[in-house]
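Survey of secondary and tertiary structure
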Amino acid sequence: MKIFNLFLIQLLFSCNQAPGIPKSSHFTDKLHTQKTDTTATAGIVFRSADGGHTWQDISNGLPEPVKDDYGIGRNVICADENGLYLTDGNWIYHSNTNATAPFWTRDIFPDKHSSIAPGKTGLFAYNYDGPILQKLNGSNVWSPVFTDLKEKKVRTVLETAGGTLFIGTDEGLFRSANHGKTWKPVNAWGLLGKMVESNGIMLATSNRGIIRSTDDGENWELVISEGGVGIDVERIKGGFAAINYSTAARTRRVRTSFDGGKTWQPIDAGLQTQTIIDSPMQPMLAGNPAQGSDSVWHPKETARPDEEYKTSIIQVGENFFCGHSDGVYMTSDNGKTWKLVLPAVKGKMFKLSVSGNVVYAIQMENHC
C-alpha cells in the first residue's frame, strides 16, 4: 500500500492541476500584514532563544496544518535575518526573531502549491508546474521573474551572496550571473534539492550524495558519496554540516567540514542508532533520490523497529541541533553525546531553521 501511495504522489506532481496564477504582474490583498486570528493552535512551531535550553510554543495564530499531497513535497518553511516564514497554502506567515504575542503577521500568498525560498532582495515563490515569483523587501506584491527561463518543474531556487542565481529543475541545474537575464545549464550530478553557499563555496544535496562547487556553481564534484542521497546541507561557523544516507551503514550520517567541504568528520556517534531498510522499489526508481528533508520527492524508506529519521542539522553558538523523528537533539561536545531537548509527538518529526541566535523547530507529519 505504501508503494502504491508513492506512485500516486508522483503522479499527482506530474499531473499537477493547480489553478494557474493570473498573468498580471502584481498580487496583493487588503489583508497584507494583518495580525492573525488568536486561535488556540498549538504544537506547530517552537522557538528557542537561549541555545536550546528552553522552548516556547509560538503556534498561536497559525491555522491547523493542511494535509495535502502537495504539502509533503514542498518547501513551506524558510528563515533569514528577518525571521521565520511559513505558508499554509492561502497565506504566508512571518514571525520576527524578537516577536511577542501575537507572534505572526500574514500576507496573501500567490499560489497554494508554491514553495518559498529567501533571496537577497526578497522572498521567492516557485511552483513545480508554474512561474517563479518574487516579493521584494518592503513590497506588498508578488511579481513574475525569470520569465525567459522556459524550463518548468522547479525544485529549488538559490541566490548567492554575490548575486548569482540558481534554479534546480527536473531537467537540471541552471545558472545566471546577470540577474536572470540569461541562463546557462551546468552539470550538477543529478537532481538537486537543498543548496547553500558560504565564502564562495557551494554545497548541495543530490541523488548521489553531497556535491560541491568552488567556482560559483560552474562545476560540481561529489564530496560525500556512500550509495545514497544527500538529505540536508547547512552553513555552520567556519564550515558546513550535512546529512547523507549511507547504504553500507543503512543509516543517515551527520557530518561537519571545516575546510570548505573537502573533508568531513562524523558527529553522530552519540545519536540513537538508526536502521533503515532500503525500499524494494529502489532499482525501479534509481533515477530518483531517497526520501529526505529537501524539496524534492524521494522513494520511501522503511525503518525497523521504529521509524527514525535525521531530517536537518543546524548550529547556534557552539551547539549543534538535529531535527529527528524523536524530536530535537542537541550536542554541546561536537557530537560525542546528544540530548533530546524537545520531544516530538509520535508520528511526527521536527525540521529546523535558524535566524540569528534563534532556533525554530517546526513539527510536521513524519513522511520520510
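How each quantity is defined
- Residues numbered from 1 in each chain as written.
- Predicted model: local features only at pLDDT ≥ 70, side-chain atom pairs only at ≥ 80, totals over all residues.
- Heavy atoms only, no water.
- Pairing = 2+ DSSP bridges.
- Helix = DSSP H or I, 4+ residues; strand = E, 2+ residues; numbered from the N terminus.
- Buried < 20%, exposed > 50% of the residue type's maximum accessible area, 1.4 Å probe, protein only.
- Axes fitted to C-alpha atoms, helices over the stretch in contact; angles between N-to-C directions.
- Contact = heavy atoms within 4.5 Å.
- Salt bridge = Lys/Arg side-chain N within 4 Å of Asp/Glu carboxyl O.
- pLDDT = per-residue confidence, 0-100.
- Phe/Tyr/Trp six-rings, centres within 6.5 Å; stacked < 30°, edge-to-face > 60°.

**Here's the deal with the sheet that holds strand 3 (residues 56-57)**
Overall, antiparallel pairing links the four strands, which are arranged 3-2-31-30 in an open sheet. Whereas interior strands pair on both sides, the edge strands pair on one side only; in this sheet they are strand 3 and strand 30 (348-355). Strand direction decides the pairing type here: strand 30 and strand 31 (residues 358-365), joined by eight bridges, are antiparallel. Across the sheet, residue L352 finds its bridge partner in strand 31, namely A361.

**Quick word on the pairing of strand 27 (residues 319-324)**
Strand residues, when the strand is regular, have side chains that alternate between the two faces of the sheet. Across the six residues of strand 27, six count as buried, placing the element largely inside the fold. The two faces of strand 27 match: N319, F321 and G323 on one face and F320, C322 and H324 on the other face are all buried. Bridge count between strand 26 (residues 310-316) and strand 27: six bridges; the pairing is antiparallel. Paired with V316 across the strands is N319, a residue of strand 27. From the end of strand 27 to the start of strand 28 (residues 327-331), which pair antiparallel, there are two residues.

**Observations regarding unusual backbone geometry**
Trans peptide bonds make up the majority, and among non-glycine residues the majority have a negative phi. The omega angle of the peptide bond from A101 to P102 is -10 degrees, so this bond is cis rather than trans. Mapping P102 onto the fold places it in the loop between strand 6 (91-95) and strand 7 (105-108). One non-glycine residue with positive phi stands out, namely F146, at about 55 degrees. Position of F146 among the secondary structure elements: in the loop between strand 11 (143-145) and strand 12 (154-159). Taking relative accessible area as the criterion, F146 reaches 14% and is therefore assigned buried. Its identity as a non-glycine residue notwithstanding, D216 has a phi of 60 degrees, on the positive side. Position of D216 relative to the elements: it lies in the loop between strand 18 (209-213) and strand 19 (221-224).

**As for the sheet that holds strand 14 (residues 172-176)**
Strand pairing within a sheet occurs via backbone hydrogen bonds; the two strands may be parallel or antiparallel. Across the sheet, four strands lie side by side as 12-13-14-15; this open sheet has antiparallel pairing. Each having just a single partner strand, strand 12 and strand 15 (184-186) make up the two edges of the open sheet. Taken over all neighbouring pairs, the strand axes of this sheet differ in orientation by 25 degrees on average, direction set aside. In this sheet, strand 15 lies alongside strand 14 in antiparallel orientation, the contact comprising three bridges. Bridge pairing in strand 15 links L173 to V186.

**A few points about the environment of E218**
Topologically, E218 is positioned in the loop between strand 18 and strand 19. Looking at E218, the relative accessible area reads 26%, which means it is partly exposed. Distance from E218 to K184, taken between C-alpha atoms, is 9.2 Å for residues 34 residues apart in sequence. If sequence neighbours within four positions are ignored, E218 has contacts with R175, K184, V186 and S213.

**A look at the side chain of D111**
Inspection of the secondary structure puts D111 in the loop between strand 7 and strand 8 (115-117). The exposure class of D111 is buried, given its relative accessible area of 6%.

**Some points on the pattern of salt bridges**
Here the structure, examined in full by the defined rule, presents twelve salt bridges. For D216, the salt bridge identified is with R175, shortest N-O distance 3.0 Å. Of this pair, D216 sits in the loop between strand 18 and strand 19 while R175 sits in strand 14, and the two are 41 residues apart along the sequence. Assessed through its relative accessible area of 11%, R175 is described here as buried. For E221, the salt bridge identified is with R212, shortest N-O distance 2.6 Å. Judged by its relative accessible area of 8%, R212 falls in the buried class. When salt bridges that share partners are traced, they join R175, K184, D216 and E218 into one network.

**Regarding the confidence of the model for the protein**
With 76% of its residues at a pLDDT of 70 or more, the protein shows a mean pLDDT of 79. Note that pLDDT drops below 50 for residues 1-38; the model gives that stretch 73 contacts with residues more than four away or on any other chain. For residues 274-306, every residue scores under 50 in pLDDT, and the model assigns this stretch 97 contacts once sequence neighbours within four places are set aside.

**Considering the packing of aromatic side chains**
The geometry of two aromatic rings is summed up by the distance between their centres and the angle between their planes. This model, assessed by the stated rule, comprises five aromatic pairs. Ring geometry for F46 versus F350: centroids 5.9 Å apart, planes at 75 degrees, classification edge-to-face. Note that F46 is positioned in strand 2 (residues 45-48) and F350 in strand 30, a separation of 304 residues in sequence. A single burial state applies to F46 and to F350, both of which are buried. Ring centres of F146 and W183 lie 5.3 Å apart, and the angle between their planes is 75 degrees; this geometry places the pair in the edge-to-face category. Placement of the pair is F146 in the loop between strand 11 and strand 12 and W183 in the loop between strand 14 and strand 15, with a sequence separation of 37 residues.

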